[in-house]
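The primary structure of each chain is shown beneath.
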Amino acid sequence: MEEKSSSFTPEQSLELIGKFILNYRKNLKGNSFYFLLWGWLIALASISHFMILSYLLRQEAFDKIGLFSAVNWIIFPFVGLIITIVRARKPSVKKESRSHIDNFITTLWQFTALAIIITLFLCLKINHVFVTPFILTIVALSTMVTGFTINFRPLIFGGIIFFLFAVISSFFNDEYQLLINALAIALGYLVPGYMLRASKTE
């Protein structure tokens, strides 16, 4: 075993890494349904939240904003979770082999989700700070790291778009941040997702 490791040339190492990257892209392409599902759900949740806020603000029903906002952001992820569980249990959904790259990116996005939850809590705790710029910055970083890791330029550009919209959203201190969030998801997440789905990875 040691003899095999020592005879492993740099060229062979690069070839193996290339295979891992290609394998991850194939897996991600195969699971593009989930990728696009959650992109659409987050974009629609942002638009729905914008509509709710606009209506309640016009009605001056300020006491109802917190409740309706919370319900909005519970319903969409709940629907996504149900769809994900049902689809994942289908016999036709095959299990792909996993590499270190798969594990790294999975862990990256798990910690991204944790960072988003903590950021939401902190923004609500500290005088109701608008959360959109911070969340877009976190997502931008993870999107770019994923794009560079699997050598997929649309995701790298998606990360740049998220960074750009994070800055733009900081100039808005109202419900229009939600529309900016929806647009950022569409351009930085959904567009790369559809490009990945259409790409040739074989």
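The rules behind these values
Residues numbered from 1 in each chain as written. Predicted model: local features only at pLDDT ≥ 70, side-chain atom pairs only at ≥ 80, totals over all residues. Heavy atoms only, no water. Helix = DSSP H or I, 4+ residues; strand = E, 2+ residues; numbered from the N terminus. Buried < 20%, exposed > 50% of the residue type's maximum accessible area, 1.4 Å probe, protein only. Contact = heavy atoms within 4.5 Å. pLDDT = per-residue confidence, 0-100. Expected span 1.5 Å × (residues − 1). Core = buried A, V, L, I, M, F, W, Y, C linked by side-chain atoms within 4.5 Å. Axes fitted to C-alpha atoms, helices over the stretch in contact; angles between N-to-C directions. Parallel < 35°, antiparallel > 145°, perpendicular 65-115°, else oblique. Left-handed = near helix turned anticlockwise from the far one by under 90°. Nonpolar A, V, L, I, M, F, W, Y, C, P; charged D, E, K, R; others polar. Polar contact = N/O pair within 3.5 Å; in protein donor to acceptor, adjacent residues only side chain to side chain.

This part covers the environment of glutamate 175. Among the structural elements, glutamate 175 can be located in the loop between helix H7 (153-169) and helix H8 (176-198). With relative accessibility at 16%, the residue glutamate 175 sits in the buried group. Those residues in contact with glutamate 175, other than ones at most four positions away along the chain, are Phe50, Leu53, Ser54 and Leu57.

Phi is positive for glutamate 60, which is not a glycine, with a value near 55°. In this structure, glutamate 60 sits in the loop between helix H3 (32-58) and helix H4 (65-88). Among the residues examined, glutamate 60 registers a relative accessible area of 59% and is labelled exposed. Even without being a glycine, asparagine 151 presents a positive backbone phi close to 55°. Tracing the chain through its elements places asparagine 151 in the loop between helix H6 (132-149) and H7. A relative accessible area of 56% places asparagine 151 in the exposed class.

Low pLDDT means the predicted coordinates in that region are not meant to be read closely. Averaged over all residues, the pLDDT of the chain is 81; the fraction at 70 or higher stands at 78%. Low pLDDT, under 50, characterises residues 1-6; the stretch is placed with zero contacts to residues that sit more than four places away or in other chains.

Here the focus is helix H5 (residues 100-125). For H5, built from 26 residues, the straight-helix expectation of 38 Å at 1.5 Å per residue is met to within 8% by its first-to-last C-alpha distance of 37 Å. Of the positions making up H5, those classed as buried are Ile101, Asp102, Ile105, Leu108, Thr112, Ile116, Thr119 and Cys123.

Turning next to the nonpolar core. Counting 25 residues, the largest nonpolar core has Leu136 and Phe162 as the members making the most contacts within it. At the level of elements, H3, H5, H6, H7 and H8 are the ones that each hand at least two residues to this core. Sort the elements by how many residues they give to this core and H8 lands first, with six residues. Among residues more than four places away in sequence, those in contact with phenylalanine 162 are Leu136, Val139, Ala140, Thr143, Ala184, Ile185, Gly188 and Tyr189.

Moving on to the packing of H6 against H7. Look at H6 against H7: their axes get within 7 Å of each other, and the N-to-C directions meet at 165°. Here H6 is positioned roughly antiparallel relative to H7, judged by the angle of their axes. Viewed along their axes, H6 and H7 form a crossing whose handedness is left-handed. On H7, the residues touching Thr132, Pro133, Leu136, Thr137, Val139, Ala140, Leu141, Thr143, Met144, Thr146, Gly147 and Phe148 of H6 are Leu155, Ile156, Gly158, Gly159, Ile160, Phe162, Phe163, Phe165, Ala166 and Ser169. In terms of residue class, the contact of H6 with H7 is made up of 14 nonpolar, eight polar and no charged.

Of note, serine 54 is situated in helix H3. Here serine 54 falls in the buried class, since its relative accessible area comes to 12%. In this structure the side chain of serine 54 is engaged in a polar contact, spanning 2.8 Å, whose partner is the backbone oxygen of phenylalanine 50.

What follows covers the environment of phenylalanine 33. Assignment of secondary structure puts phenylalanine 33 in helix H3. Each C-alpha atom, one on phenylalanine 33 and one on tyrosine 194, is 9.8 Å from the other, the two residues being 161 residues apart in sequence. Not counting the four nearest positions on each side in its chain, phenylalanine 33 is found in contact with Ile83 and Arg87.

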